[in-house]
Amino acid sequence: MDVIKVPTKIVHPVYEAEFRYTPAPGVKEINGFEDAEIEERLTGNIMEVGEPESWNLKELCKRNEIKLPVEIEMLCDEYNFWLIQSAFAFMPAHDNQFKWGGEE
């Protein structure tokens, strides 16, 4: 049986970037924060993306004796389906913190 492990750290990131703020034209503040303060708060916050791994879904299921749903099985004659995994890391700057994207 194939074991798909979730990465616990990114050893060789394929992409790394510091957060930046690009204000919308004509907008001078958001939620009471001025553009300069937003830019300052983002300084030092880093995002990394790990190298993706991929598995052909049809082959993966066949090796592990898993039956695909009929709708997907029929589409496999015409299309390739892939399971793709990539790690993302968000590293906040000193005295910063991240909230999940869906939080309000």
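Residues numbered from 1 in each chain as written. Predicted model: local features only at pLDDT ≥ 70, side-chain atom pairs only at ≥ 80, totals over all residues. Heavy atoms only, no water.

K.L.:
I keep staring at the environment of Ile10 and nothing clicks. Help me out?
P.N.:
One can find Ile10 in the segment before strand E1 (15–18). As for Ile10 and Glu51, which are separated by 41 residues in sequence, their C-alpha atoms are 8.2 Å apart. Once residues lying within four places of it in the same chain are set aside, the contact partners of Ile10 are Glu48, Val49, Gly50, Ala87, Phe88 and Ala89. (Helix = DSSP H or I, 4+ residues; strand = E, 2+ residues; numbered from the N terminus. Contact = heavy atoms within 4.5 Å.)

K.L.:
Would you take a moment to explain the sheet that holds strand E4 (residues 46–49) for this structure?
P.N.:
The strands making up a sheet associate through backbone hydrogen bonding, with each pair oriented either parallel or antiparallel. A sheet is described by the order of its strands in space; here three strands give the open sequence E1-E4-E7, paired in antiparallel fashion. Either end of the sheet is taken by a strand with one partner, and the two such strands are E1 and strand E7 (88–91). Adjacent strand axes in the sheet meet at a mean angle of 15 degrees, parallel and antiparallel pairs treated alike. Across four bridges, the pairing between E1 and E4 is antiparallel. The partner of Glu18 across the bridge, within E4, is Ile46. (Pairing = 2+ DSSP bridges. Axes fitted to C-alpha atoms, helices over the stretch in contact; angles between N-to-C directions.)

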